[in-house]
Amino acid sequence: MMHRLEPHPQEWIDRATVINFIFEGRPCRGFGGDTISSALAATLPYLGRSFKYHRPRGILSFANHDSNTLFQVDGVPNVRGDVTLLREGMRVAAINTFGGLEGDKARILDRFARFLPVGFYYKAFHSKRLFPRWERMFRVITGLGAVTLGAERRLTPKRYGFCDVLVIGGGPSGLAAALEAAAAGAHVGLVDEAFRLGGSGADGEYESLRALTDAVSRSPRITVFAATVAAGYYADHWVALAEPTRMTKMRAKAVVFATGAIEQPAVFRNNDLPGVLLASGARRLLRRYRIAPGRRVVMVAANLEAYSVCLDLHAQGVQVAAIVELRRPPFDHSEAARGCAKAGITIIPGSAPYEAIAGADGAVAALAIAPLDASGGIQPAKPRRIDCDAVLMSVGWAAATQLYQQAGGSTRFSEELQQFIPEEVQPQGIFAAGRMNGVYDFEARVADGKRAGSQAAAHAGFGAPSNAPIARGPRCPSHRFPIIDHPLAKNFVDFDEDLQVKDLTNAAQEGFDSSELLKRYSTVGMGPSQGKHSNMNALRILARVRGSTIEQLGLTTSRPMYHPVPLKLLAGRSFNIERRTPIDGEHRALGAVWMPAGNWRRPEYYAVSGETRAESIEAEVRAVRTGVGLIDVGTLGKIEIHGPQAGLFLDRVYAGKYSDMKVGSTRYGLMLDEAGVIIDDGVIARLTAETFYFTTTTGGSATVFRELLRLNALWGLDCALVNVTGHRAAFNFAGPLCRDILQSLTDADLGESAFPFLGVRSARVAGVDVRLMRVGFVGELGYEIHVPAGGACAVWQALHQAGLPRGLRAFGVEAQRVLRLEKGHLIVGQDTDGLTDPFEANARWAVNLNKPYFVGQRSLKILAKRGPRQKLVGFEIPDPKRLPKESHLVIEKGEIAGRVTSVVHSRTLNKTIGLAMLAPRLAEVGGEIRIRADHGEMLAARVAATPFYDPQNLRQRAGVGA
């Protein structure tokens, strides 16, 4: 049984930090740095149950490459125990059980295995009359973890990343490739699944690996992505990086695949018993977490790595009872093999495991071995029993070429290496290195990494490429056929799907005799590990059945995702280029708490020491209402239109009239589609007789501009459009004191007669040419200041410094939403949806139906005759403690009669206010409505007139209160 060894300076755990957690109701302990698997392995004989037969299963790879160590953690299903760090109080349970790990009632299925061959459900249950019954039964007993409503639901951020060279794999070849590319001048991204770079390494490699990892950490040109899976490759060197808390879409000029090789299991009876694991997994447990696989182990060997692991175990006091060597002499005369012989470890050549024998606890207690004959067949008449509590397997490797194949790379099967390796000619910008290339010796892997890194850097435009050849060496790391038949079966090829040798041979004999058909009929390689441990052995079995070569069969198609990815990394907002305004650094210095708005990031509010989120937002609102506030609105779309027919063009695309505007004035505009539905809004300013400047919503700028270009091309009017969204910043400087403060910074006359409400002026502020628009989205005296991006910081800083002595506060999106809701202003896309027209949005005043034409006019005339289906109205709830949420439903006589679109508690008004889309019969001011809140609670509300605050609009029109 596995057990924890004495501390070692190189271990990954912190024994001074004890972590307590719960496993299926029983208290357990681990250490800081432990994963779920390592902590449980030190105390439990097995960690899970198999998918089909519910057989007990323990650690196999300890590399996040198999389904044996998936868990339900705090309600979240299928958490990967090999790579999930232990947390205090974590509640863990095995998946795929009925009654828990030990008392799983479904374990009886193992006794019926002979009656459940692959594909049995296709034949036994496919009847029109009975299938619905069988389907319900299968839905209950299949699947892995359970989806629960109580699990934590958290959307994770997504981002774009860019580098010159992306290196996937942090082993010796990947480290060397990254360093070589960085030395050539390239900016390098280095990705590895493990928490730390370098792998476990043999004793002789440790210092060399440490030198490489130290050099990587010192390099300013290398960015390391640890505990990160390169999950998929897409066109033009886009690689999806699944980090623990986010998804990064990385684009590189060149990619180096140093993805290594995945150790393959030997196939023999009961090779899935707890305690039977891969030698590489045992080494990871030993080196990183100081867990020995057992006290007396047997090694099944067919390569040099087996002997190296045996020496590691022997040095830590673990007894190696025997090395069962599949090959016949001469096989290895390496230093490791000689070291094992010198240590007195028995080596049994020309033999194979015949059967693992279970003990009382269900884990391995002995291994029966038998000689191999000249043809590679077993001689079961002469079995030999070796008592042990662990069986390690080191018989071969499968190159991790999945991502390389997704990149368009092709492979060939090497009979000498017994693995697939990349073809000599590779796609542009794609390079392979290390074990994936068939290079296994340490120094050769480092040299191959340098070669690939140099070539990748040269492709990206840095330095000259290396012409060094690939030095694969003479040794064969994999056995040709590590598969031992047994008359009683239970010799598993695919541990995810409980597939045995007979399942694959039967499938091939039934005609599913190509690698692709075999996969689909038998489901080999379709479980959580995606065939990482089963595909090569399945190909070997299929090749023997057909009498063909592995090269003729070929690998199955590799598609993203290469590795299972949590849905939380894919859920929520899609990938968008995150845009930042020119004063992003100013926000950061003021303590901005960020939120996404369209594809921009904006301050939600500004965190102030000693204030809660709610208190900060309330203080920002109060500053605007009583003094002065400053907000960055540079995310608004900003478009200029020039030409003699610019006014006519705007008349056609907006519902209002704009060709009759006076120079120096502004007007609100609604944009509709052909169905009369509101799609955008903004402010239109007339700068000259032939020049207009107008804004769009933050999220609609790109879409609106494309549509305007299309319409301009269609109509052929004499005007031209320019998108200046990225060229201009914009600020809203608002509050009773804003005029006095701004006047001290500008040469423009801001007096009421010289610059009235809804005016626009060109001026200089803090020495920078700007456009001032006197508009009032927040309901106070205010100025929108539109400034060239290069002068944005200077103007912001001048406004901020001038306002600080008068109590100025920068305010964010949340405060702006409170302020606009107090004025009853709608937000397109929040208070409207894809069916809302201006009549329903209470915006009839913004529509001029007497114009000759505008987009959506014909539909609006029809809608005007029909009457609105719903109306946007204000509502208020006097009780300040009662706050429904957006999208909560309005209920009348048990039926849905509307929905809440916006709601907030207003400290200014001391009541809850909001907007709701209601059935017209409920939209009369003063009427009572009922809103269904959380847990079915019904809240009483009253339909109210808008604006809620300053209904005569005196404060923004004339600066009353200044």
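Structure shown above.
Everything numeric here is computed off the predicted structure, so don't read it as measured data.

(A) Structural context of the overall build of the protein. Scanning the protein from N- to C-terminus turns up 24 helices and 49 strands. Within the protein, the proportion of its 962 residues that are buried is 58%. Excluding contacts between residues fewer than 6 apart, the proportion of contacts in the protein whose partners are at least 24 apart in sequence is 66%. Total accessible area computed for the protein in this model is approximately 40,000 Å², and 53% of it derives from carbon and sulfur atoms. Measuring between centres, the 115 positive side-chain charges of the protein sit 3 Å from its 95 negative side-chain charges.

(B) The packing of aromatic side chains, seen in detail. Applying the stated criterion to the full structure yields 16 aromatic pairs. Note on Phe62 and Tyr289: the rings are 5.5 Å apart at their centroids and 90° apart in plane angle, and the pair reads as edge-to-face. With Phe62 in the loop between strand S5 (56-57) and strand S6 (70-73) and Tyr289 in helix H6 (residues 279-289), the pair connects residues that are 227 residues apart, well separated along the chain. Residue Phe62 shares its accessibility class with Tyr289, and that shared class is buried. Each residue in the set Trp12, Phe62 and Tyr289 is aromatic and connected to the rest through ring pairs, giving one cluster. Residue placement shows Arg625 over the ring face of Tyr949; its charged tip is 4.0 Å from the ring centre. Directly above the ring of Tyr693 sits Arg771, whose terminal nitrogen or CZ lies 4.7 Å from the centroid.

(C) Representation of the sheet that holds strand S40 (residues 760-765). Spatially, the six strands line up as an open sheet ordered S40-S41-S42-S39-S33-S43, and their pairing is mixed. Whereas interior strands pair on both sides, the edge strands pair on one side only; in this sheet they are S40 and strand S43 (809-810). As defined by bridge partners, strand S33 (residues 629-632) adjoins strand S39 (residues 728-734) across four bridges and the pair is classed as antiparallel. Considered in S39, the bridge of Gly629 is made with Ala734.

(D) Spotlight on the side chain of Ser38. Mapped onto the fold, Ser38 is located in helix H1 (residues 36-41). Within the structure, Ser38 has its side chain in polar contact with the side chain of Asp34 (distance 2.6 Å).

(E) Representation of the pattern of salt bridges in the model. Within this structure, the stated rule accounts for 46 salt bridges. Among the salt bridges present, the one from Arg622 reaches Glu618, with a minimum N-O distance of 3.6 Å. Of the two residues, Arg622 and Glu618 are both situated in helix H17 (residues 613-626); the distance of four residues between them amounts to about one turn of the helix. A relative accessible area of 45% means that Arg622 is categorised as partly exposed. Classification of Glu618 by relative accessible area gives partly exposed; the value is 27%. Salt bridges sharing partners connect three or more residues here, namely Arg55, Arg57, Asp110, Asp272, Lys490 and Asp498.

(F) Representation of the pairing of strand S44 (residues 871-877) in the model. Within S44, six of the seven residues are buried, leaving the element largely enclosed by the surrounding structure. With seven bridges joining them, S44 and strand S47 (residues 911-918) adopt antiparallel strand pairing. Looking across to S47, one finds that Val873 is bridged to Ala916.

(G) Summary view of the environment of Gln264. In this fold, Gln264 is placed in the loop between strand S15 (261-263) and strand S16 (276-278). Those residues in contact with Gln264, other than ones at most four positions away along the chain, are Leu278, Val395, Gly396, Trp397, Ala398, Lys532, His533, Ser534 and Met536. At 2.8 Å, the side chain of Gln264 forms a polar contact with the backbone oxygen of Lys532.

(H) Spotlight on helix H7 (residues 304-315). End to end, H7 covers 17 Å across twelve residues, agreeing with the expected 16 Å (1.5 Å per residue, within 8%). Of all the twelve residues making up H7, nine are buried; the element is thus mostly covered by neighbouring parts of the structure. Within H7 the residues assigned to the buried category are Leu304, Glu305, Ala306, Tyr307, Ser308, Val309, Cys310, Asp312 and Leu313. N-capping of H7 is provided by Asn303, with a side-chain oxygen placed 3.4 Å from the backbone N of Glu305.

(I) Quick peek at the packing of H6 against H7. Remark: H6 packs on H7, axes separated minimally by 10 Å, with the N-to-C direction vectors making an angle of 30°. Of the two possible hands of crossing, H6 and H7 adopt the one that is left-handed. Touching Ala279, Arg283, Leu286 and Arg287 of H6 are Ser308, Val309, Asp312 and Leu313, all from H7. For the contact of H6 with H7, a count of residues per class yields four nonpolar, one polar and three charged.

(J) Region of the structure containing unusual backbone geometry. Along the chain, Pro560 connects to Met561 via a cis peptide bond; the corresponding omega equals 0°. When you line up the elements, Met561 lands in the loop between helix H14 (550-553) and helix H15 (567-570). Omega for the bond connecting Thr946 with Pro947 falls within 30 degrees of zero, at 0°, which places this linkage in the cis form. Looking at the secondary structure, you find Pro947 in the loop between strand S49 (938-944) and helix H24 (954-958). A positive phi angle, close to 60°, is found at Asp236, a residue other than glycine. Within the element layout of this structure, Asp236 appears in the loop between strand S12 (229-234) and strand S13 (238-242). Asp236 gets classed as exposed once you look at its relative accessible area, which sits at 53%.

(K) Structural context of the sheet that holds strand S2 (residues 14-23). If you trace the five strands from one edge of the open sheet to the other, you get S3-S2-S8-S6-S7, paired in mixed fashion. At either end of the open sheet lies a strand with only one pairing partner, and these are strand S3 (26-32) and strand S7 (76-80). Within the sheet, the average angular offset between the axes of one strand and its neighbour, ignoring direction, is 45°. In terms of strand pairing, S2 meets S3 through seven bridges, oriented antiparallel. Residue pairing in the sheet places Ile22 in a bridge with Pro27 of S3.

(L) How the structure looks around the side chain of Thr832. Of note, Thr832 is situated in the loop between helix H22 (813-822) and helix H23 (857-866). On the accessibility criterion, Thr832 (3% relative accessible area) is buried. Polar contacts involving the side chain of Thr832 include one to the main-chain amide nitrogen of Gly829, which spans 2.9 Å. Residues contacting Thr832, with those up to four places away along its chain left out, are Ile678, Leu826, Ile827 and Ala841.

(M) Layout of the nonpolar core. Of all hydrophobic cores here, the largest spans 54 residues; its most connected members are Phe21, Phe23, Ile36, Leu40, Met299 and Ile323. Here Phe23 is in contact with Cys28, Leu40, Leu44, Phe71, Val92, Ala93, Ala94 and Leu101, once residues within four sequence places are set aside. Listed in part, the 37 residues of the second largest apolar core include Leu826, Phe839, Ala846 and Leu872.

(N) Geometry of the environment of Arg942. Here Arg942 lies in strand S49. Taking the C-alpha atoms as reference, Arg942 lies 91 Å from Ala374; in sequence the two are 568 residues apart. When neighbours within four sequence positions are excluded, Arg942 is seen to be in contact with Gly874, Phe875, Glu876, Gly926, Gly927 and Glu928.

Reading the values: rules and limits
- Residues numbered from 1 in each chain as written.
- Predicted model: local features only at pLDDT ≥ 70, side-chain atom pairs only at ≥ 80, totals over all residues.
- Heavy atoms only, no water.
- Helix = DSSP H or I, 4+ residues; strand = E, 2+ residues; numbered from the N terminus.
- Buried < 20%, exposed > 50% of the residue type's maximum accessible area, 1.4 Å probe, protein only.
- Contact = heavy atoms within 4.5 Å.
- Areas by Shrake-Rupley, 256 points an atom, 1.4 Å probe, with all protein chains shown as cover.
- Lys, Arg positive; Asp, Glu negative; His and termini not counted.
- Charge placed at Lys NZ, Arg CZ, Asp CG, Glu CD.
- Phe/Tyr/Trp six-rings, centres within 6.5 Å; stacked < 30°, edge-to-face > 60°.
- Lys NZ or Arg CZ within 6 Å of the ring centre and 35° of its normal.
- Pairing = 2+ DSSP bridges.
- Polar contact = N/O pair within 3.5 Å; in protein donor to acceptor, adjacent residues only side chain to side chain.
- Salt bridge = Lys/Arg side-chain N within 4 Å of Asp/Glu carboxyl O.
- Expected span 1.5 Å × (residues − 1).
- Axes fitted to C-alpha atoms, helices over the stretch in contact; angles between N-to-C directions.
- Left-handed = near helix turned anticlockwise from the far one by under 90°.
- Nonpolar A, V, L, I, M, F, W, Y, C, P; charged D, E, K, R; others polar.
- Core = buried A, V, L, I, M, F, W, Y, C linked by side-chain atoms within 4.5 Å.

Geometric values such as these leave the question of function open.
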